[in-house]
Amino acid sequence: DDDLTVTQASNIDKISKVKVLDRSNLILDIFASRAKTSAAKTQVELAQLQYLLPRLTRYWTHLSRQKGGIGTKGPGETQIETDRRLVGQRIAVLKDKLEKLDQQRKTQRKWRDDKLRFSFVGYTNAGKSTLMNAMTDSGVFAEDRLFATLDSTVRKIEMKQEFVLLSDTVGFIRKLPHNLIESFKSTLDEIRESDVLLHVVDASSALYQEYIDTVEQTLEEIDATDHEMIYVFNKIDKVSDPEKIAQIRRAYPDAILVSATRGIGLKDLRKAMEEELEKDYFTDELRLPITESKVVSFLHDQAEILEKKYDENGIFIRFKMNRKHLGGLKSLLDDDEFHKNFVYSTNET
């Protein structure tokens, strides 16, 4: 359950004569068996090689390492140096590949900038993918096992006011290897760039509080602690003890209790998401010259028009709009005109 030093692993190898896996190595092996897409395979291979590099000497203990003379090297040392160089070169190639994939993802994410983004986060096997399927009918792969999901999946979901984006992300685990977090940076960006996190917790587990703490520690590690968060306790149908339900409600009074497999509580979850979406809206008004047809058209497309009237001074429009569209509105007006005409509402920041 812990990581081993190179010396510890080597000594246990010698004594046991069997393959030795420490915690990080085991998790990396599980990730490798789950990786399906090119991005996931690349990220896992990078993490494995970064883990392997300082441990290469352990794999050459069976070779001769006797000095051939002063200043010379035996075949063991020579092979180790060769392998270190090859591993280092491969790591550089993989990092370059991931950087290109990251740029592609950033380009793909640009179209989402004007949408409110929710992301499922949680301990591995908390039921995030099952909940994603229940909310969106997306057909995301879901199975009762560790790390069934390694790639982020994004789907549109219709709320009262507009479409929002919902993401399924890789699950966390206690003492997640640092190399894995580093290599999965581009995947974890989906969490960092979300507006609201839906923290899914396995309510049926006796260790649910420990899992919550682990997820929150990991969110700190990836700089994703400044998000709005909704706690979603899943698998509630598997909790038979009413005192445990009461305990959860006392500790997390605003949490949503659901069962993704049985459809329990999904309406409550949607309502909580819609309330978060409502926070992102503001009501305001504009007075425009009659010539500003592009602005009027933009407001009709992106806002709810509450009042519109024409007079000798131009057009008066009162509207309700998502703050994410403010950039688009500002791009249609020069700075002076924007500040002159725009009357910020009391809840605008």
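Every residue gets a number counted from 1 within its own chain, in the order that chain's sequence is written. Whole-chain, interface and lining totals are the exception, using all residues; otherwise, since this is a predicted model, local features are given only for residues with pLDDT of at least 70 and side-chain atom pairs are given and counted only at 80 or more. The side-chain numbers reported here are obtained from all heavy atoms of the structure, hydrogens and water having been left aside.

1. A look at the overall build of the chain
Stated precisely, the cut-off is as follows: We count a stretch as a helix when DSSP gives it H or I for four or more residues in a row; a strand needs E for two or more, and each element gets its number in order from the N terminus. Accessibility here uses a 1.4 Å probe with only protein chains present; expressed as a share of the type maximum, an area under 20% marks a residue as buried, one over 50% as exposed, and anything in between as partly exposed. The contact criterion used is simple: two residues touch if any of their non-hydrogen atoms lie within 4.5 Å. To measure how exposed things are, a 1.4 Å probe is used in the Shrake-Rupley method; for residues, cover is taken only from the protein chains shown.
Scanning the chain for helices and strands turns up 13 helices and nine strands. Counting every position in the chain, which comprises 349 residues, the buried fraction comes to 48%. Across the chain, every contact between residues at least 6 apart in sequence was considered, and the portion connecting residues at least 24 apart equals 67%. Summing over all exposed atoms, the chain offers an accessible surface of approximately 18,400 Å²; the carbon and sulfur share of this is 49%.

2. Here we look at the pairing of strand 5 (residues 228–234)
The line we're drawing: Note: two strands are recorded as paired if DSSP finds a minimum of 2 bridges between them. A right-handed crossover is one whose linking path, passing over the helix from the first strand to the second, runs clockwise when the strands point away from the viewer.
Of all the seven residues making up strand 5, five are buried; the element is thus mostly covered by neighbouring parts of the structure. Here strand 4 (residues 196–202) pairs with strand 5 via seven bridges, running parallel. In the strand pairing of strand 5, Val 200 is matched with Val 232. Crossover connection from strand 4 via helix 8 (residues 208–221) to parallel strand 5: handedness right-handed.

3. A word on the packing of aromatic side chains
Let me state the cut-off plainly: Ring geometry is summarised as follows: Phe, Tyr and Trp rings, the Trp one being its six-membered ring, pair when their centres sit within 6.5 Å, and such pairs are stacked at plane angles under 30 degrees, edge-to-face over 60 and tilted between the two.
With the rule as written, the count across this model stands at five aromatic pairs. Geometrically, the ring pair formed by Phe 233 and Tyr 252 is tilted, given 5.4 Å between the ring centres and 50 degrees between the ring planes. A residue pair is termed long-range when its members are at least 10 positions apart, and Phe 233 in strand 5 and Tyr 252 in the loop between helix 9 (242–251) and strand 6 (256–257) qualify at 19 residues. Of the two residues, Phe 233 and Tyr 252, both sit in the buried class. Judged by centre distance (6.3 Å) and plane angle (75 degrees), the rings of Phe 282 and Phe 319 are edge-to-face. Taken as a pair, Phe 282 in strand 7 (residues 281–288) and Phe 319 in strand 9 (residues 314–322) lie far apart in primary sequence, 37 residues in all. With a relative accessible area of 1%, Phe 282 lands in the buried category. By way of ring pairs, the aromatic residues Tyr 208, Tyr 231, Phe 233 and Tyr 252 are connected into one cluster.

4. Describing the confidence of the model for the chain
How we decide: The predictor attaches a confidence to each residue, called pLDDT, with possible values from 0 through 100.
Taken as a whole, the chain shows an average pLDDT of 80; of its residues, 80% reach a score of 70 or greater. Of all secondary-structure elements in the chain, the lowest mean pLDDT belongs to helix 13 (residues 335–341), at 54, while strand 6 reaches the highest, 96. Every residue in residues 60–72 is under pLDDT 50, and counting partners more than four places away or in other chains gives 16 contacts.

5. Side note on the sheet that holds strand 7
So the rule is basically this: Lines are fitted to the C-alpha atoms to define the axes, a helix being fitted only along its stretch in contact, and any angle between axes, read from their N-to-C directions, falls within 0 to 180 degrees.
Ordered in space as 7-9-8, the three strands form an open sheet in which the pairing is antiparallel. The open sheet has two edge strands, strand 7 and strand 8 (303–311), and neither has a second partner. Here the strands of the sheet are splayed against their neighbours by 10 degrees on average, with no regard to which way each runs. Pairing of strand 7 with strand 9 involves eight bridges; the strand directions are antiparallel. Along strand 9, the bridge assignment pairs Tyr 281 with Asn 322. In the packing of helix 11 (residues 293–302) onto the sheet, contacts are made with strand 7, strand 8 and strand 9, and the angle to strand 8 comes to roughly 150 degrees.

6. Thoughts on the pattern of salt bridges
Going by this rule: A carboxyl oxygen of Asp or Glu within 4 Å of a side-chain nitrogen of Lys or Arg is what we treat as a salt bridge.
One pass over the structure, following the stated rule, counts 13 salt bridges. One salt bridge in this structure joins Glu 278 and Lys 320, with 2.8 Å as the shortest N-O distance. With a gap of 42 residues between them, Glu 278 in helix 10 (residues 266–279) and Lys 320 in strand 9 connect regions that are remote in the sequence. When its relative accessible area of 34% is taken as the criterion, Glu 278 is described as partly exposed. Here Arg 287 and Asp 311 are joined by a salt bridge, their closest N and O atoms 3.2 Å apart. With a gap of 24 residues between them, Arg 287 in strand 7 and Asp 311 in strand 8 connect regions that are remote in the sequence. A relative accessible area of 37% means that Arg 287 is categorised as partly exposed.

7. Topic: helix 8
Put simply, the rule reads: Given a helix with a known number of residues, its expected span is that number minus one, times 1.5 Å. This arc describes the spread of directions from the helix axis toward the C-beta atoms.
Look at helix 8: 20 Å from first C-alpha to last across 14 residues, which is about the 20 Å you get at 1.5 Å a residue. Here helix 8 has its buried residues at Tyr 208, Tyr 211, Ile 212, Thr 214, Val 215, Thr 218 and Leu 219. The buried residues of helix 8 occupy an angular sector of 160 degrees when projected down its axis, which confines them to one face. Across from the buried face of helix 8, at angles greater than 90 degrees, the exposed residues are Gln 217 and Glu 220.

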